[in-house]
Amino acid sequence: MTSAPFGDLPPEAYHDALWTRVLPWLAHHTPATARELADLTPSPDWWLTESPAVTTMMAEHEVLCRHLARFFLVRHLDAAFGESFPTVPRRMTLATLTTGARARTAFQRLQLQTVAELEPLSVKDLYDVRGTGQGTVEEVVAALVSAAIVRSGDLPEIDVRAEDSPSTNASTVSLPPAQAQLLEDLAQLAAWHHLRRRSGQSLLKVVIEDGAPEQIQEVALRLNSLTAADMVLNGASPDPVLEFTAFLSELDERQLQVLRDRLLGRPPRKLAEIAVDFDVSRERVRQIEVRLKELLARTFHFGTSIGDLLASLRAEIQPIAALDRLITLHPDLARDVPGVDAPLWLVLDRLDDYFEVSDGWAAAPDVGAAREQTRILLEDFATEHGLVDLAAATSATAMPKAELLAWLNWCGYVVYNDQILTRTRSLNDHAASLLAATGEPLQTDELHQEMGRNTTIRSLTNVLGSDDRFVRTDRATWGLASWKVEEYTSIRQQIGLELAAAGGQIELSRLVESITNRFDVSPSSVQAYAGNGEYEIIDRVVRRRESPAAPRKAPSATRRLFRHGDVWKFRIVITRDHLRGSGFPVPSGVASLVGCVQGEVVELDSELGTQSIRWTGLQPASGTIKRFLDQLQAREGQNAFLEFMPYGSFGLTVRDPIAPGADPLTQALELVGAADTNDVEAAKTALATAVDLPGDAKPRRILAAYRQRGDDDIAALLEEAWTRQRQNWTRQQPTDESRSESSELSLAGADLPASLEESEGDVAPHVDDLHGDPANTGDAIRGDSGPEEDSPAWIPVPAGYRSVGWVRPLEAEAAVLAYQLHADVPVHDGDEITGWARYVDEASTRAMDLSANVKLVRSRGQSERIACWIREHEAFSVTQASAERRSIAVIGPDGEAVGLVQYYKPGSEEATRFLSSTRLLRGRSPG
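In this numbering scheme, every chain counts its residues from 1 along its sequence in written order. Residues qualify for local features only when their pLDDT is at least 70, as the model is predicted, and side-chain atom pairs are given and counted only at 80 or more; totals for whole chains, interfaces and linings, by contrast, use all residues. Side-chain metrics in this entry use all non-hydrogen atoms of the structure; hydrogen atoms and water are not considered.

(A) Quick peek at the overall build of the protein. Of the regular secondary structure elements, the protein holds 41 helices and 30 strands. Looking at the protein as a whole, 47% of its 927 residues qualify as buried. Here a residue-residue contact requires only that any non-hydrogen atoms of the pair lie within 4.5 Å. Counting only contacts in the protein whose residues sit at least 6 apart along the sequence, the fraction spanning at least 24 positions is 59%. Total accessible area computed for the protein in this model is approximately 45,300 Å², and 49% of it derives from carbon and sulfur atoms. Each helix is a run of H or I in the DSSP string that is no shorter than four residues. Each strand is a run of E no shorter than two, and both are numbered from the N terminus. Burial classification: accessible surface area is computed with a 1.4 Å probe over protein chains only, and a residue below 20% of its type maximum counts as buried, one above 50% as exposed, and the rest as partly exposed. With residues, only the protein chains shown are counted as cover, and all accessible areas are computed by Shrake-Rupley using a 1.4 Å probe.

(B) Representation of the pattern of salt bridges in the model. Put simply, a salt bridge is a Lys or Arg side-chain nitrogen that is within 4 Å of an Asp or Glu carboxyl oxygen. In this structure the tally under the stated criterion is 38 salt bridges. When the shortest N-O distance is used, the salt bridge between Glu-607 and Lys-124 registers 3.6 Å. With Glu-607 in the loop between strand S18 (601-604) and strand S19 (611-614) and Lys-124 in helix H9 (residues 123-127), this pair connects stretches of sequence that are 483 residues apart. The class for Lys-124 is buried, based on a relative accessible area of 17%. Of the charged contacts, one joins Arg-262 and Glu-289 as a salt bridge, the two residues approaching to 3.3 Å between their closest N and O atoms. Here Glu-289 lies in helix H16 (residues 282-299) and Arg-262 lies in helix H14 (residues 253-263), a separation of 27 residues in the sequence.

(C) Quick look at a negative patch on the surface. Patch construction takes residues with relative accessible area above 30% that form no salt bridge. Like charges are linked within 9 Å, and nonpolar side chains (Val, Leu, Ile, Met, Phe, Trp, Tyr) are linked within 5 Å. Asp and Glu count as negative and Lys and Arg as positive, but His and the ends of the chain are not part of the count. Every charge is mapped to an atom, namely NZ of Lys, CZ of Arg, CG of Asp or CD of Glu. A cluster of acidic residues, Asp-125, Asp-128, Glu-603 and Asp-605, forms a negative patch on the protein surface. Among the secondary structure elements, Asp-128 is positioned in the loop between H9 and helix H10 (134-149). Classification of Asp-128 by relative accessible area gives exposed; the value is 55%.

(D) View of helix H40 (residues 872-884). Every helix has an expected span of 1.5 Å times one less than the residues it contains. The end-to-end C-alpha distance of H40, which contains 13 residues, comes to 19 Å, matching closely the 18 Å that a straight helix rising 1.5 Å per residue would cover. Within the span of H40, buried status applies to His-873, Glu-874, Ala-875, Ser-877, Val-878 and Ala-881. Packing partners of the buried residues in H40 comprise helix H38 (809-821), strand S27 (863-870), strand S28 (888-891), strand S29 (897-903) and strand S30 (918-923).

(E) Unusual backbone geometry, seen in detail. For the bond from Ala-364 to Pro-365, the omega torsion is -10°, close enough to zero to count as cis. Mapping Pro-365 onto the fold places it in the loop between strand S5 (361-363) and helix H20 (367-381). In this model, Gln-633 sits at a positive phi of 55°, which is unusual for a non-glycine residue. By the element assignment, Gln-633 lies in the loop between helix H31 (626-631) and strand S21 (639-645). One non-glycine residue with positive phi stands out, namely Asp-692, at about 65°. Note that Asp-692 resides in the loop between helix H33 (680-690) and helix H34 (699-709).

(F) Spatial organisation of the sheet that holds strand S26 (residues 854-860). Note on pairing: DSSP must find at least two bridges between two strands before they are called paired. The antiparallel open sheet is built from 4 strands, whose spatial order is S24-S25-S26-S27. The open sheet is flanked by strand S24 (825-829) and S27, the only strands paired with a single partner. Sheet twist, expressed as the mean angle between neighbouring strand axes with direction ignored, is 25°. For helices, the fitted axis covers only the stretch in contact; all axes are lines through C-alpha atoms, and the angles between them, taken along N-to-C directions, range from 0 to 180 degrees. Each of S24, strand S25 (832-839), S26 and S27 touches H38; the most contacted strand, S24, lies at about 155° to it.

(G) Region of interest: the sheet that holds strand S14 (residues 541-544). A sheet is described by the order of its strands in space; here 3 strands give the open sequence S12-S14-S13, paired in antiparallel fashion. Edge positions in the sheet fall to strand S12 (505-507) and strand S13 (535-538), since each of these pairs with one other strand and no more. Strand-to-strand twist of the sheet, defined as the mean angle between neighbouring strand axes without regard to direction, takes the value 25°. Strand contacts of helix H26 (residues 491-501): S12, S13 and S14, with the helix running at about 100° to S14, the strand carrying the most contacts.

(H) Fine view of the pairing of S18. Because side chains alternate across S18, one face comprises the buried residues Val-602 and Leu-604, and the other comprises Val-601 and Glu-603, none of which is buried. Relative to S19, S18 runs antiparallel, the two being bridged by 4 bridges. When the bridges of S19 are listed, Leu-604 appears paired with Gln-611. The turn linking S18 back onto S19 is made up of 6 residues, and Gly-609 within it adopts a positive phi angle of 95°.

(I) Expanded view of the nonpolar core. Within the largest apolar cluster, 76 residues are counted, with the highest numbers of intra-cluster contacts made by Leu-23, Phe-81, Phe-85 and Val-141. Broken down by element, the residue count for this core peaks at 10 residues, all from H10. Those residues within four positions of Leu-23 in sequence are excluded, and the remaining contacts are Leu-68, Ser-84, Phe-85, Val-145 and Ala-148. By nonpolar core is meant a set of buried Ala, Val, Leu, Ile, Met, Phe, Trp, Tyr and Cys residues that side-chain atoms within 4.5 Å join together. Residues Ala-530, Ile-537, Ala-867 and Trp-869 belong to the second largest nonpolar core, which totals 46 residues.

(J) Region of interest: a nonpolar patch on the surface. Together, Val-54, Met-57 and Met-58 line one region of the surface with nonpolar side chains, adding up to about 310 Å² of accessible area. Of note, Met-57 is situated in the loop between helix H4 (52-55) and helix H5 (61-75). You can call Met-57 exposed: its relative accessible area is 54%.

(K) Structural detail: the environment of Thr-834. If you trace the backbone, Thr-834 turns up in strand S25. On the basis of relative accessible area, Thr-834 is assigned to the partly exposed category, the value being 22%. A C-alpha to C-alpha distance of 8.8 Å links Thr-834 and Val-857, two positions 23 residues apart in sequence. When neighbours within four sequence positions are excluded, Thr-834 is seen to be in contact with Val-827, Asp-829, Arg-858 and Ser-859.

(L) Fine view of the pairing of S19. Pairing of S19 with strand S20 (residues 621-622) involves 2 bridges; the strand directions are antiparallel. The residue of S20 that forms the bridge with Arg-614 is Ala-621.

(M) Quick look at the packing of aromatic side chains. Pairs were defined over the aromatic rings of Phe, Tyr and Trp, the Trp ring being its six-membered one, requiring ring centres within 6.5 Å. Orientation was assigned from the angle between planes: stacked under 30 degrees, edge-to-face over 60, tilted for the rest. Applying the stated criterion across every chain, the model contains 17 aromatic pairs. For the pair Trp-25 and Phe-85, a centre-to-centre distance of 6.2 Å together with 70° between the ring planes defines the contact as edge-to-face. Remark: Phe-85 occurs in the loop between helix H6 (81-84) and helix H7 (101-110) and Trp-25 occurs in the loop between helix H1 (19-22) and helix H2 (35-38); sequence separation between them is 60 residues. A ring pair is formed by Trp-407 and Trp-410, whose centres lie 5.3 Å apart and whose planes are at 10°; its orientation type is stacked. Pair noted here: Trp-407 and Trp-410 are both in helix H22 (residues 401-411), with a separation of 3 residues, about one helical turn. Relative accessible area serves as the criterion here: at 1%, Trp-407 is assigned to the buried category.

(N) Local environment of the packing of helix H24 (residues 444-451) against helix H25 (residues 457-465). Here H24 crosses H25 at 105°, and the two axes come no closer than 10 Å. Accordingly, the angle class assigned to the pair H24 and H25 is roughly perpendicular. Residue-level inspection shows Thr-444, Asp-445, Leu-447, His-448 and Met-451 of H24 in contact with H25, the latter providing Ile-457, Leu-460, Thr-461 and Leu-464. Residues were grouped as follows: Ala, Val, Leu, Ile, Met, Phe, Trp, Tyr, Cys and Pro as nonpolar; Asp, Glu, Lys and Arg as charged; and all remaining residues, including Gly, as polar. In terms of residue class, the contact of H24 with H25 is built from 5 nonpolar, 3 polar and 1 charged. For this classification, under 35 degrees means roughly parallel, over 145 means roughly antiparallel, 65 to 115 means roughly perpendicular, and everything else is oblique.

(O) Local environment of the environment of His-193. With respect to the helices and strands, the residue His-193 is situated in helix H11 (residues 177-195). With sequence-adjacent residues up to four places away left out, His-193 is seen in contact with Arg-198, Ser-199, Gln-201, Ser-202, Leu-203 and Ala-228.

(P) A look at the confidence of the model for the protein. Per-residue confidence from the predictor is given as pLDDT, running between 0 and 100. Averaged over every residue, the pLDDT of the protein is 79; residues scoring 70 or more account for 84%. Below a pLDDT of 50 lies the segment residues 1-6, which in the model reaches 20 contacts outside its immediate sequence neighbourhood of four places, other chains included. Throughout residues 724-792 the model reports pLDDT below 50, and contacts reaching past four residues in sequence, or to other chains, amount to 163 contacts.

Okay, here's the thing in C-alpha cells:
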C-alpha cells in the first residue's frame, strides 16, 4: 500500500465523526473482544469514543489502516464493501486508491473501474480472483480504510501508477498494471536471490518450442539468462547488528533488562526475580515482556535487515540445518550484538518462534518436530525392507550430503552402502534391511558383525530361520527370499520342491525322511510345516491347500487421518508456523486421498478460496491455512482438522484440547474429530468407522487398528477406557466350584493387562490342569521343578488371564502334529522320549468339555503325569513364541485374541525354575 502521502495530513483532513459512523462494523466490538485494537493507542476503546481526527494524532495512519484491515479480514469476511465503508465516494475510481500493482491487477480481472462497482463484493469474492492471496486482499481493504477516514475531497493527489519499489522509473509509469506488477515482482525476486546468496541463478525459466522463430528463441535465451546480478539494487546492504543496536537504544531500562534477562537469558530469569528488581508484580513484568515481543514483531518485519535475514533462515531451515552452514551463508550471524552480550544467531533464535537452535542444529519449529518430519519423509521413500536411497533423500532436502549424514546419525539412523536403514528396532528388521542394502548373501558371522548388536550369533540364526523374509543360501549364509535365489534350508520351500517333484502329493513319512536326511532339521519341524500354511496333511499324505484363506484387509494405514461418512479428517496441532502462514508437509496418504500424484498440484474448493495440496517436490505438502485459522481465531496448541469432502471440497475446523483429566473415551473421540457422546456403543461405533472398520467391530479389534496405524495416543486412551479395575481375588486356595465359575468369565484381550470387556472379579493364577485330576495340578504349573507338597513361588499372571501351564516348545510341536495326524505323538528331547501328546477323539466327553483334543503328559519313570490340555491354536502360538523369542497373543479360529504366550529368556530365574521358556495363559471365557 502506498501510504507515504498521508504522513503530512493535518488533523482537519480526517473525519471528525466517531469511528463507528465512518466504519460501522467497529460498533460490534468492545475492548474485551478486540484486544488487538485496544493496544494500538493509549485509549483502550478509541474506536468507540474517538474520531479518526483524534486517533491519528496518536497513531500512524499506515499502522491504523493495516491493523484495521487485518481485523476486517478475520471478523467480517462476508460483509459487503459498500455498507462497510460508507464514507468512500462511490464515484471514486479504483485507480485513485492507494494500492499497488497486485491489487490493480485484481481489479482489472474483475473488470471494475469505480468504488460503486466494488461495493456489492466482499472479502470472499476477492479471494476467488485468480492469483489473489491474503496480501492482496489486505492491501485492498487497507486502501478502503484509508480512503474512508479522510474527508471527501481532501485526499491528496497521488500518481497511482507509480510503484512502491524504489527501482521504479519513468519507463514503468505508463505500463498496464499487470506489466508493472511483473517488473515489481522481478525486482523483489532479485532482492531475495541476493539475500540467499544466489545472485548467479536464473530468475526465469522460459520454454519455447523448437519450431519457434529465431527471434523468439533469442528472447527466451535472454530471459533465461537473466539473473539477480543483472538487476540493480538501490542502496547498500543494511547491517542487521547495527539495526538491532539502534532498536536497543530506543528501549527504556525495564524493557532492556527484560530483553536481556528473559528473552536472551541463558537460562532465562524467572518473572518473580525480575519483579523484585523492579519492585513490581510478576504480572507487570509479564505485561512488559508481552509488549516487548509485539514491538519486536512489528519492528523487524520482512523488508528490514533482520526481517529479511529471518526470512532467509526460515527458507534454509526446511526443517533442519546445521548452524555452521547458516553462519557460512550469513556471516553476520556469528557477530556479537553490543548491549546484550550474545551472538546474533542466538538473538534471532530467541526472538523468532519459527525455529530453535539446539546442539548445533537449527530446527523448525524444534528438533523434535524436525526429527518427526524426517521420519515421515523417509517413510515415503522406504522400500519394503525400510531402505531409503541416500541420494534420493539428499535431493529431497536443502541439506548437503555430509550435513544430512550428520543429522541422520544424530537421529539414530544407520547408513550402510549409501542406503538409510529406517527399520532397525527389531533384530529381524535390522537384518533384512542390512541384507537388502548389501545386495548379496552374507555369512551369519559377517551379518552379525555388520549389525553390531548386543546379541549372540545363535539368537540371530534363530530369528532368521523363523522369518519368511530370509532364506539360507548355504549352510551358514543368508539372503532375502525376495531375491528368488535357490533356498538351502527353508523347510516350507523345500516341501514345495518335494511336492513338485512328486507330482503334487507325497507321503508324510517319505517327505520327512527326504528332508531330514539332507538338512539339519527335526522330523517334528518338517511335520509341523507340512500341515500348516499352504500345505495340509490328509490321511498321512501331504499336498497343497486347494483353497487358501484370503488375507484380511488392513484398515487405512495413515496416522491421524480419520473417516466420518464421506468426509476424511486429518488432525494437526496448530503451531506458530501455521499461524504465520507457512505451508507444511502431509503424509502421502492425504495426497492419495485427494488424487494428488507426484509432480502435480491439486486445488480444492473452499469458502475462503482455493486450497492446494502439492507434490511438486518429493514429499506432499499443504498450502497455507492461515486464512482459515484467522477466521476461526485459532491459537497455538489447538487441534485442527483438515477436512476433505466429496467433489474436491475442503474445510477446516478447530477444537480446544480436552483437559487431561477428562474421560478417556471423550478424549479419544476428540482426537478423531468425532462428536462427544454419553452413549458407549455410539462412541465405539464412531471410533471404529473412523479407522474404516465396521461399526460393530469389537473393542480389541478397534484398539489393534489404532495401534497398527501408529495412533498410540488414541490406543492408550482406548486401553484405559475399556479396561476396568477388577475386584481383588481372594488369596484363599480356589475351590473346584470357584474354578468352574472362573472359567466362565469373559476374555479381556490378547495382550492387555486387563479386560476390554465388562466382567466382575479378578482371577488369580490358577494351578489346575483345566479341570483335570486335582492331584496333578502342581505339575500343570510347576512341571518337574520341585516336590509336590511344596507350593512354588507365584509368577504373577496378568489380569484377565489364567495360567494353563508352562508348556515346553517341544511339547507344543508334538501337540501340533497330534492335531494334524489325529494320533498320539511322542515328545522327543534328543534321543529320549520325555512325554506324549495324547490325541482324544472329538466324541470324547472330556474333549467336548474342555474344547481341546490333545492332552500333554510327561513321563516319570514308568508313570505319566498330566501337564495340561492344549488346543491346536494354542500349540501353534507356543511354537511361534519360542521361535520368535517373544511373548505373543494366542489367536483363536475366529481370528480373535483368546490368550497369551509369555516368553522368558532361557537361563532366567523363571525358565530355570519351571524348566520351560514359555507359559501358556488362557482368557477367561472358553476359547
